[in-house]
Each structure stands twice: as C-alpha cells, then as structure tokens.
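A structural walkthrough
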Amino acid sequence: MCKAYEISGHLAANNKMWDNLKLKGIMMDNGFEPKIVGICCNWCSYAGADLAGVSRFQYPSNIKIIRVMCSGRVDPTFILKAIEAGADGVLITGCHPGDCHYIAGNYKAARRIPLLKKMLSQFGIESERIRLEWVSASEGARFAEVVTDFTKTVKELGPGPFRKQQ
Amino acid sequence: MKKITIDPITRLEGHGKIEIFLNDDGDVDRAYLQIPELRGFEEFCIGRPAEEMPRITTMICGVCPTAHHMASTKTLDDLWKVEPTSTAKKIRRLMYNAFTAEDHILHFFFLGGPDFIVGPTAPAAERNILGVIGKVGLEAGGKVIEMRKRLRNVLRIIGGKPVHPSMGLPGGVSKAISEEERKEIIEAGKYAVDFCQFALSAFDDIVLKNKDYVDLIVGDVFKHRTYYMGLVDENNKVNFYDGMIRVVDPNGKEFAKFRPQEYLDHVREHVEPWSYMKFCYLKNVGWKGFTDGEDSGIYRVAPLARLNASDGMATPLAQEAYEKMYATLGGKPVHNTLAFHWARLIEALCASERVVELSHDPELTSPDTVNLPTETPREGIGVVEAPRGTLFHHYQTDERGILTKVNLIVATTNNMAPIAMSVEKAAKSLIHKGEVSDGLLNMVEMAFRAYDPCMACGTHTLPGQMPLEVLIRDYQGNELRRLSRNLREF
Amino acid sequence: MAKPKVAFYWCASCGGCEEAVVDLNEDILKVTDAVDIVLWPVALDFRRKDVEALSDGEIAVSFINGAVRTEEQEEMVKLLREKSGLVVAFGSCAHLGGIPGLGNFCTRETIFQTAYKETPSTENPEGTVPQEKTDIGIGVLTLPELYNTVKTLNQTIPVDYYLPGCPPPPDLIMNAINAILTGQLPDKGTVLAPNKAQCDTCPRADTKPEKLSMAEIKRPWEIKIDPEKCFLVQGLICLGPATRSGCGETCIRANMPCRGCFGPIDGVIDQGARALSAIASILGLEGEEKMTEEDSQKLIDQIADPAGTFYRFSLPSSLLTRKRMEYTGG
Ligand code: SF4
Ligand code: SF4
Ligand code: SF4
Ligand code: FES
C-alpha cells in the first residue's frame, strides 16, 4: 500500500507534507490519472486500509492517505488545503455511527462535510470531489471498493481545480 | 497642426481623469471625464441573502455609507412588503437627517466652501480648512470639528459604527434608543442648528456681500439649463428620507412626479466605451449626447437640484433661507452650478432642524423597533436622497429572499453627464488657439467642487477629491507644460 | 531629529478607511506633529515622481488601504514597498480582500455583462462595454484593465503589519502609530489587535452555554432579536467564534451579529473554514446521534449562502481565493 502520512502539528500549515504528496503536476501523456487524498480515522478506516493492503484487496494507487485521530478532527481547512495543493478528490473516512472512539466526532464530520460540499459548489468546485464514508477496521474489502468507486467518479469529473502548478 | 492633449488626473491612482482634445484651430473640440474603476457590486451581490445588503452596499462608499444603508433597508421593506414600526421610521429618519447635516457641513467647510470663504482667487495653498479658520476665526473652526464629532456620535448610537452602520432590517431597525441617548441627540441637534445658522450668516457676509463672488455664481461659465430631480413630501417639500420623486424641466415646470417603484419608467443609463461609469438621463426625453436644454434628457440631482425640484423646505428656518436664495438669484429654477454650495447649507440647516424635532419625540425610545415580515419576497425598490443626489436600490430575489438581480444607481451617476459638461464648458472658455490659461485648473476644480461628486461610489475618491494633473503635449507627444494641483487640501 | 516620513495610500477602497483617519478628530493633530506626511492623495498634492525620487526605505511607514484590482494599483504599491521601511495593510480590504473581494465570485466578463447590459435601467442597444482603448476619431482614450481577481495587499507585496477592521477603530490606529513612533513593535507579520476571539470579549458571552446547540438557523428578519442573548443561541449566524476581537463589538452592540471584518485570530489559515466548522459543530448538536442524513441536510440547507457568509470579508485571502473560472489548469 502507499505511504501514509501522519499529522504532526497543524496539518494544513504543514507545507512540507503537502509538497511531499506531490499532488501538483502537469497531466501525463497517457491520460488523466486522478490524485486523491484520503483522510482516514486512525481507529477504523485507517486500519481498514491497512487490512485492505495486507489482504491484497486491489484498489487504485491514486490515493495518498493521511491519518487523523478521528473524523471529528478533520478541520475543513485540511480539505481546502488538499484541493489547493492539487488534489482532484478528497476522501474522508471515519468510524460507523455509534462507533467513534471520541463518541461524537463522526457526527460532527457528518455535518461539516456536507456543509463544506455545499459551499464548494459556490466556488465552482463539484461537490462529488469530496466524499465522506464510514469504514470500520474490519472492512478491508469495503475500503478497497470505496476507493475504487471514488477514483472512478473523480476520473470522470476530470482534473481538479488546482491541478497544474500555478 | 498642433494637438494638445490635456492628460489625466493622477493617472496612477485610477481615480478619474480628464482628457481634452483640441481641433485644428487649437480650440477645444471635446473634453472627456473618465472614471477608470468598477467594483461590480451589482454582480457579486447575486446569491447573497437580501437582508445582508444594508451591510454590504455600505462598502460602496465610506463617505456616504448611511445613504446606501438606508436605501438598502428601505428596499428590504418593499421587498418583504412590510411597513416599519412608527418608532423605527422615526429612528431611521433621525439618523438620516443627522447624517445629511454632518456630511453637508463637512463638505462645505473642508471641501467646497473654501473657494468662496477664502476666495476663488486666493492661492490654492490657502483654500482649505485652515484658510477657512483664518477667515472665520479659530473658534468657528473648532465648531466645525465639534459638530462633526457630535453628529457622528448620533450615527454611532443608532447604527453601531459611524462608517458602515449595521442596524437596518426589513420592517425596522435592530436596536432601540435609550432615554439617555435621546438627550444626547437633542443636544447634538441643537448644536447643529446653531452652527448651520452661523454658517449661513458667514456665507452671507463673506460671499453675498462681495460683488465679485456673486458675479461668479450667476456668471455663464458654470450655467447649465437642465432638468432637476429630487424627493418631495406630500406638500412638495424637500425630503431626504422618503417621498415621491419629482422632476422639473429647465423652466421649473413639473415634468414628472412618480413613486420610487416607477423609476424604470423614467430613468435610463447610457454607456460610453471610454468610462466605467454610466450616464443617467430621462427616458421620456431621451439621450441626446452631452448637451443641455429641454430637448436633452440630462438632469441634475443633489442640493440645488432638490431645491429646484421642490416647492420649499419643510422646516421654518430652512424655508426662510430657501426664499432668500431664490430672491437673490432671480427666481426658480436656478441653473448656476455654484449655487449648489448655498443650497447645501440650506439643506444642512433643514436636516439639523429635523434632528431636533425628531429627537424630542418620546416615541423614539419605544422598544417597538421592528415588524416581522410575513410576505414572500420577490422584488423591492428603495430610494433616498443621498447628500450627492437621488440614490436607487432595486433587488429581485427568489422566494427565500436570495438575490437574483440587483440594480444600483448611485447618486453621482445621475450627475455624471452634467459634471462632464461643466468640465467641457470650463475648458472651452479657457483654452483658445492652443493657449491654455492658468485659470483652467481653477475653473475645472470649482466645477467639481460644486457637485461634490462622490467618485468613491463609482471609484474611490473622496467627494470632490481629485488631484489634477494637466499635461500639455505637442502633436508628437512631447511634453510642453505640466500644471498640477490637488483639488483638496486639509 | 528629522520627523519620520509617513505615507497613506489607497487602492480599491471605499474611502471609509480615510474617514477613519479623519475620525481621529483631535488626535490627528498629534499625528501630524510627530510625523511628516509625504503622501496622502486625498489630502496632499503628490506625483508619482516625487515618490520615485525618494531613496529606498526613506519612508518610515506606509499605510495602505484597499484591495488590489488594477495594474496601476499594483505598480504603485510595489513602488511604495521599495521606498518604505514598514508597510502596514490598513483595513479589511488590504488585510483580507474585504467586501470588494466578493468580486472573486465573478469574473470581469460577468461583471461587465451585468453592469452594462443586463441591469434594467441600462439602455444599450449596441451592447457597448468600456474598452481599454477607444478611438474617438480625434484621439484615443484609455482605461486601465480590471483584473479578474481581487488580491489582498500581501498577495502583491510583503506586508509587515496588519490593522484589521472595516474600517479599523480609532484606538487601534493610535496604538499602532504610537508603537511605530516609539519603536515598540511586535514581531513582523503581527495583526495589531488583541489575539482573542470576539466571543472572548463579547458582552453576550455569559449567555452562551458551554454546550451550545443550534436547533435551526434563523435569518435576522425572522425573529425579534434579543438585545442581550448570544446570537447563536437565538439561531442567528454570528462569526464571533471565528473572528478576532478588538472592534469594540460594534455591530453586536447595535444588536446585529458579527460578520467577521476583523479576520481570524493568529494561526487560523482560513477564516471561512474556521467559521464553517464552528457553525456545523453546534448545528443540531442536541440529539445528533439520532439525526439522519436527511435531517442534517435539511439543517444545512437553512444556511442559504455559506460561502458569502463565512467569507464575507476574507474571500481573496482564503485558500481557494476565488470561484473557479472554467477549468484552465490553474
Ligand atoms: S476596509 Fe472597509 S472602510 Fe476600509 S476601504 Fe475597505 S470597505 Fe472601506
Ligand atoms: S457568537 Fe457572537 S454573540 Fe455569541 S458570544 Fe460569540 S460574538 Fe458574542
Ligand atoms: S462586530 Fe464583527 S463585523 Fe462588526 S465591526 Fe466587529 S469584527 Fe467587524
Ligand atoms: S474515532 Fe473514528 S471517527 Fe471518531
């Protein structure tokens, strides 16, 4: 599986990390391969992703995963930063409702992300580029499915708004 | 052939520029006043909730934010078809009159007035507030500052901040006035009335008793026979906050009288490729280019225009002053642009009298400041008289009150064509056979100051603040001479 | 000792920041006593070449207000940067983009289309729009190009300090001037206002419960606004949680919710995202475990204009800076 990044300090302000993700870049000759940032909760879906890797469930390598302690810690700023850094799509995953280690973090995410999507459409950015999913630690196969499907959606949407080097 | 171009007013700032083109004989062919900036409020307000407009459109102009705030708030009343409470109407009127008085006095003393009080031929360095203080005395100078401070305090009490108030809501205002605050407002109003009377008597002594000044006012250089527009109450008296829009023709005869909601039947804007600002005219007369008279739809707004378009002032002291002005200048209408200054003082007095009158009303402190709308919003139009002229706001929304269309006609747009004509007239009278008289700048700047144009509304120059730079070139574009002066110094 | 030289300059601004300086009233005289104002276009005669003639860094401090929208403005602020020891972004427009920054929801073309063709009072059968060059037969008239995107001052030149507010209040202006005169300046990049949120100093803070839940969103015209209770408790969106304190809570004291003109506190990269996050967190908090996706969508739909609300004063300074024009790769 691909390399995962952990947040240290203020994720959005960590420019080095964003540079390392190398999201920007001119399109390849061989067509458009979306770059996707996955922001995954440590307790469930990050483990799910791990499981997917260990169990050799195939999923596209387009995704770069950032680990957070809870989906409730996903500040909308991270998502904007990912888009600004060149991501074509952002996948946020958390524990299923009722399973959050911090009790209600995922409920907050369930309101923040849809509101952010609504706001992004006012910026001329397709709300489908952002997806929120619940994936538990044991759902390795589901994680692979989600990533595969999301990658397909983003591919259809085409390159993200900040794709090229400005 | 010698071609002289009078090139811009500090081009670098993009704050407005004048270009004058000469014909083969070296006389003025055409003069152009260009406005080089546009901010696009009509477009970027679309999608915003309508009730936010009083707090967005104020930022069109930091000099007359209260005018935009009030026009916008009235548009919301019309949009939701809700009548403000009686207290709310009084609070709004009170605020609006305090604002009008403050704005007029500031601009008379700091900006336009120095031409007269210090003298039109005095060196530019003296024609400023300091020169005024030299002429009327230090005590009076201090009073100007004190009056501004007190009236701006009234704006703060009612609206939060003096620059960019925030209290307007459909059907009323957000905040009640306390008894203590009301007392403060009464004092401010009284101070303002006294001060305006003093200002008018100073104008009398210094200007009207001086034949040279009077000749200048009634002279031809600044005269334009145009239509005039202004808001009037049910007795055809000048009103700043509300009423019907009345238009009189160049002979002073009523040409039209209509509700603000009918403005589209009467007002049109013309576009020229060389300016970002549009030019208003009367639809039922038509756009005939930059020319005056009955056949041209160009009309004027702001103090003199409002007095011309009305049958008088609604307060006693101002009415007296009004009668005196027309008796002195030979009856209505007065077409002399420089009389705008006089009219401005009369209006300041009227607005101050209103502040006193309204602040004595005990209903002012009632907590009943808002009626909640119940209708579905669709379309609203609101008009006030800004210090610099009739101001139109017009919104359309979806059923949730989210803006789908916005039209704004700012005060100075109404006067844009007349200002351009005045500039051209001054140029024509002062440039002959390729010779540019030094007096040109004087005259151009006096024309500007009389209108007190608020370029902030179309650009961002403080009213009348137009640093002028006149560049004279030969036909090869070589610089021959450069004259420069700032229009405002204080 | 020679008095320090000070410049005031404005870009795309409304004039309110200039009025704020005049509103210093008597204090303005103290300022003019202590400094030598070399540039103030509203008040003093000036020419670009006078500024060019100054040596680099000769101006002690330039206060610049307004957003940056034209090439002329850009050139002038670059020149001022060279000539100034310090540059202070004065007011919301220079600091964050301000209200004119909402223009970043549109493009020059749509602005022209609306202003010159679609507004109902415009009579323009030929479809004339202003041109950068117009040949009028006897010569050519020019207008400056308007940029599609409104920029903040620090997106144009390096800025040393920020005076927030629309416009900045007199006490903060005087504090800044005194700090500069006495050389007691904080670190470069500081916003010259308290580093606290509006909610920390708000007179209504006591009425805001620890665990606040907004059951629904109200619009300011839908309710009679209580003059003492926290707006959020009343269901009204207030940007206080995402806004820096220091204005004297002026709008709040006029019984209207904060719209964020002071910008965010230190360390917040994007004021709008912070505001969005704060509101979403408390929206429907009570009983959130039972909320279905439809329920939460319904609540969210009550926020009619999230972008225009959360970024009211800060759109150009946001991470996304503007609405995307059709995809051009950047
Ligand atoms: S910050 Fe506010 S007061 Fe200052 S120029 Fe901008 S809109 Fe005007
Ligand atoms: S949310 Fe607004 S009203 Fe409530 S405490 Fe904060 S600043 Fe005050
Ligand atoms: S209350 Fe908010 S919007 Fe009003 S002045 Fe203060 S910071 Fe600006
Ligand atoms: S711990 Fe997984 S979403 Fe909160």
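Above this text sits the structure in question.
The text that follows walks through the structure, step by step, so that each part is easy to find. Predicted model, so just to flag it, every value in this text is computed and none were measured.

1. Some remarks on the overall build of chain C
The helix and strand inventory of chain C stands at 12 helices and 10 strands. Structurally, chain C occupies a C-alpha span of about 70 × 60 × 35 Å along its principal axes. The burial tally for chain C puts 62% of its 330 residues in the buried class. Taking as baseline every contact in chain C between residues at least 6 positions apart, the subset at least 24 positions apart corresponds to 75%. Carbon and sulfur atoms make up 50% of the accessible area of chain C, which totals about 12,400 Å². When the 33 basic and 46 acidic side-chain charges of chain C are each reduced to a single mean position, those positions are 1 Å apart.

2. As for the packing of helix H7 (residues 138-159) of chain B against helix H8 (residues 179-208) of chain B
Think of two packed helices as two axes; the pair is described by the angle between the axes and how far apart they sit. Residue and element names in this part refer to chain B. At a closest axis distance of 9 Å, the pairing of H7 and H8 adopts a crossing angle of 145°. Here H7 and H8 pass one another in a crossing that is left-handed. Seen from H7, the contacting residues are Ala140, Lys143, Val144, Glu146, Met147, Arg150, Leu151, Asn153, Val154 and Ile157; seen from H8, they are Glu181, Glu184, Ile185, Glu187, Ala188, Tyr191, Ala192, Phe195, Cys196 and Phe198. Of the residues contributing to the contact of H7 with H8, the split by class is 13 nonpolar, 1 polar and 6 charged.

3. Regarding the environment of Leu372 of chain B
Structurally, Leu372 of chain B can be placed in the loop between helix H12 (339-359) and strand E12 (379-386). With 289 residues separating them in the primary sequence, Leu372 of chain B and Glu83 of chain B have C-alpha atoms 9.1 Å apart. With residues near it in sequence (within four places) discarded, Leu372 of chain B still touches Val82 of chain B together with Trp221, Glu222, Ile223 and Lys224 of chain C.

4. A look at the sheet that holds strand E8 (residues 254-258) of chain B
Residues and elements named next belong to chain B. Here 4 strands make up an open sheet; going across it, the order is E8-E7-E6-E11 and the pairing mixed. At either end of the open sheet lies a strand with only one pairing partner, and these are E8 and strand E11 (299-300). Bridging between strand E6 (residues 227-232) and E11 involves 2 bridges; their strand directions are parallel. In the strand pairing of E11, Tyr228 is matched with Arg300.

5. Considerations on the site of ligand 3
Around ligand 3, the structure places Lys161 of chain B together with Gln198, Thr243, Cys247, Thr250, Cys251, Cys258, Arg259, Gly260, Cys261 and Phe262 of chain C. Considering only residue class, the shell around ligand 3 consists of 5 nonpolar, 4 polar and 2 charged.

6. Some details on the site of ligand 1
Neighbouring residues of ligand 1: Met59 and His164 of chain B together with Ser13, Cys14, Gly16, Cys17, Gly91, Ser92, Cys93, Gly165, Cys166 and Pro167 of chain C. Among the chains of the assembly, those with residues near ligand 1 are chains B and C. When residues of the shell around ligand 1 are traced back to their parent elements, those giving at least two are helix H1 (16-22) and helix H5 (91-96) of chain C. Take the shell around ligand 1: its biggest share by element is 3 residues, from H5 of chain C.

7. Details of the sheet that holds strand E9 (residues 267-270) of chain B
Strands sit in the order E10(B)-E9(B)-E6(C) across an open sheet of 3 strands; the sheet is mixed. Among the strands making up the open sheet, the edge pair consists of strand E10 (279-282) of chain B together with strand E6 (122-123) of chain C. Sheet analysis places E9 of chain B next to E10 of chain B, joined by 4 bridges and oriented antiparallel. Note on E10 of chain B: the bridge partner recorded for Glu269 of chain B is Cys280 of chain B.

8. Here's the deal with a nonpolar patch on the surface
Taken together, the side chains of Trp43, Met69 and Tyr102 of chain A define a hydrophobic patch exposed on the protein surface, amounting to about 280 Å² of accessible area. Residue position: Trp43 of chain A is located in the loop between strand E2 (36-41) and helix H2 (45-54).

9. Regarding the environment of Met291 of chain C
Tracing the chain through its elements places Met291 of chain C in the loop between helix H10 (271-282) and helix H11 (293-301). If sequence neighbours within four positions are ignored, Met291 of chain C has contacts with Arg111 of chain A together with Leu283, Gly284, Ser296 and Leu299 of chain C.

10. Remarks on the pairing of E6 of chain B
Residues and elements named next belong to chain B. Counted residue by residue, E6 has 6 buried out of 6 residues, so it is predominantly covered. On E6, burial covers both faces: Tyr227, Met229 and Leu231 on one face and Tyr228, Gly230 and Val232 on the other are all buried. Two elements, E6 and strand E7 (residues 244-248), share 5 bridges in a ladder whose sense is antiparallel. When the sheet's bridge partners are listed, Gly230 is paired in E7 with Arg246.

11. Structural notes on the environment of Gln122 of chain A
Relative to the elements of secondary structure, Gln122 of chain A occurs in helix H4 (residues 105-122). Taking the C-alpha atoms as reference, Gln122 of chain A lies 37 Å from Ser138 of chain A; in sequence the two are 16 residues apart. In contact with Gln122 of chain A, other than residues within four places in its own chain, are Arg48 of chain B together with Phe105, Asp305, Pro306, Ala307, Gly308 and Lys323 of chain C. A polar atom in the side chain of Gln122 of chain A sits 2.7 Å from the side chain of Asp305 of chain C.

12. Some points on the interface of chain B and chain C
Facing the 96 residues of chain B at the interface are 85 residues of chain C. For the chain B and chain C pair, buried surface summed over both sides reaches about 7,600 Å², with 58% attributable to carbon and sulfur atoms. Inspection of the chain B/chain C interface yields 9 salt bridges. Arg148 of chain B is paired through a salt bridge with Asp23 of chain C; the nearest N and O atoms lie 2.5 Å apart. Our count for the chain B to chain C interface comes out at 30 residue pairs in polar contact (both at pLDDT 80 or more). With 5 residues, H7 of chain B is the largest single contributor of residues to the side of chain B that touches chain C. Taken together, the residues of the side of chain B that touches chain C break down into 41 nonpolar, 24 polar and 31 charged. Both E9 of chain B and E6 of chain C contribute to a ladder of 2 bridges, which runs parallel. Bridging across to E6 of chain C, His270 of chain B finds its partner in Glu123 of chain C.

13. Some thoughts on the packing of aromatic side chains
For the structure shown, the criterion picks out 22 aromatic pairs over all chains. Their ring planes at 70° and their centres at 5.1 Å tell us that Tyr227 of chain B and Phe255 of chain B sit as a pair that is edge-to-face. A residue pair is termed long-range when its members are at least 10 positions apart, and Tyr227 of chain B in strand E6 and Phe255 of chain B in strand E8 qualify at 28 residues. When its relative accessible area of 34% is taken as the criterion, Phe255 of chain B is described as partly exposed. With a centroid separation of 5.7 Å and an interplanar angle of 50°, the aromatic rings of Trp274 of chain B and Phe279 of chain B are classed as tilted. Here Trp274 of chain B and Phe279 of chain B have matching classes, each one buried. The rings of Trp274, Phe279, Tyr281, Trp287 and Phe290 of chain B are connected pair by pair, giving a single aromatic cluster. Positioned over the ring face of Tyr102 of chain A is Arg73 of chain A, at 5.7 Å from the centre of the ring. Over the ring of Tyr241 of chain B we find Lys74 of chain B, and its NZ or CZ is 4.8 Å from the ring centre.

14. What to know about the side chain of Glu353 of chain B
All names here are of chain B. As for its placement among the helices and strands, Glu353 is situated in helix H12. One buried charged residue, Glu353, forms no salt bridge at all, with the nearest opposite charge on Arg354 at 8.9 Å. For Glu353, the residues in contact, after removing those within four places along its chain, are Val193, Thr315, Pro316, Leu317 and Ala318.

15. A closer look at the side chain of Thr413 of chain B
Residues and elements named next belong to chain B. Turning to its location among the elements, Thr413 is positioned in helix H13 (residues 411-430). With relative accessibility at 5%, the residue Thr413 sits in the buried group. Leave out the neighbours within four places in its chain, and Thr413 touches Glu269, Met277, Lys278, Phe279 and Cys280.

16. Digging into the state of the cysteines
Residue and element names in this part refer to chain B. By the definition in use, this model includes 0 disulfides over all chains. Free of any disulfide, Cys196 has its nearest cysteine sulfur in Cys350, 10 Å distant. With a relative accessible area of 1%, Cys196 lands in the buried category.

17. Observations regarding unusual backbone geometry
Most peptide bonds take the trans form, and the phi angle of most residues other than glycine is negative. Of note, the amide linkage connecting Lys332 of chain B to Pro333 of chain B takes the cis form, showing an omega dihedral of -15°. Within the secondary structure, Pro333 of chain B is located in the loop between helix H11 (316-329) and H12. With omega at -5°, the peptide bond leading from Cys166 of chain C into Pro167 of chain C counts as cis. Phi is positive for Lys81 of chain B, which is not a glycine, with a value near 50°. Judged by its relative accessible area of 51%, Lys81 of chain B falls in the exposed class. If you check the backbone angles, Asn236 of chain B has positive phi at about 60° while not being a glycine. Tracing the backbone shows Asn236 of chain B in the loop between E6 and E7.

Criteria and cut-off values
Residues numbered from 1 in each chain as written. Chains lettered and ligands numbered in written order. Predicted model: local features only at pLDDT ≥ 70, side-chain atom pairs only at ≥ 80, totals over all residues. Heavy atoms only, no water. Helix = DSSP H or I, 4+ residues; strand = E, 2+ residues; numbered from the N terminus. Buried < 20%, exposed > 50% of the residue type's maximum accessible area, 1.4 Å probe, protein only. Contact = heavy atoms within 4.5 Å. Areas by Shrake-Rupley, 256 points an atom, 1.4 Å probe, with all protein chains shown as cover. Lys, Arg positive; Asp, Glu negative; His and termini not counted. Charge placed at Lys NZ, Arg CZ, Asp CG, Glu CD. Axes fitted to C-alpha atoms, helices over the stretch in contact; angles between N-to-C directions. Left-handed = near helix turned anticlockwise from the far one by under 90°. Nonpolar A, V, L, I, M, F, W, Y, C, P; charged D, E, K, R; others polar. Pairing = 2+ DSSP bridges. Near = heavy atom within 4 Å. Patch = residues over 30% accessible without salt bridge, like charges linked within 9 Å, V, L, I, M, F, W, Y side chains within 5 Å. Salt bridge = Lys/Arg side-chain N within 4 Å of Asp/Glu carboxyl O. Polar contact = N/O pair within 3.5 Å; in protein donor to acceptor, adjacent residues only side chain to side chain. Buried area = accessible area lost by both parts, 1.4 Å probe. Phe/Tyr/Trp six-rings, centres within 6.5 Å; stacked < 30°, edge-to-face > 60°. Lys NZ or Arg CZ within 6 Å of the ring centre and 35° of its normal. Disulfide = S-S within 2.5 Å.

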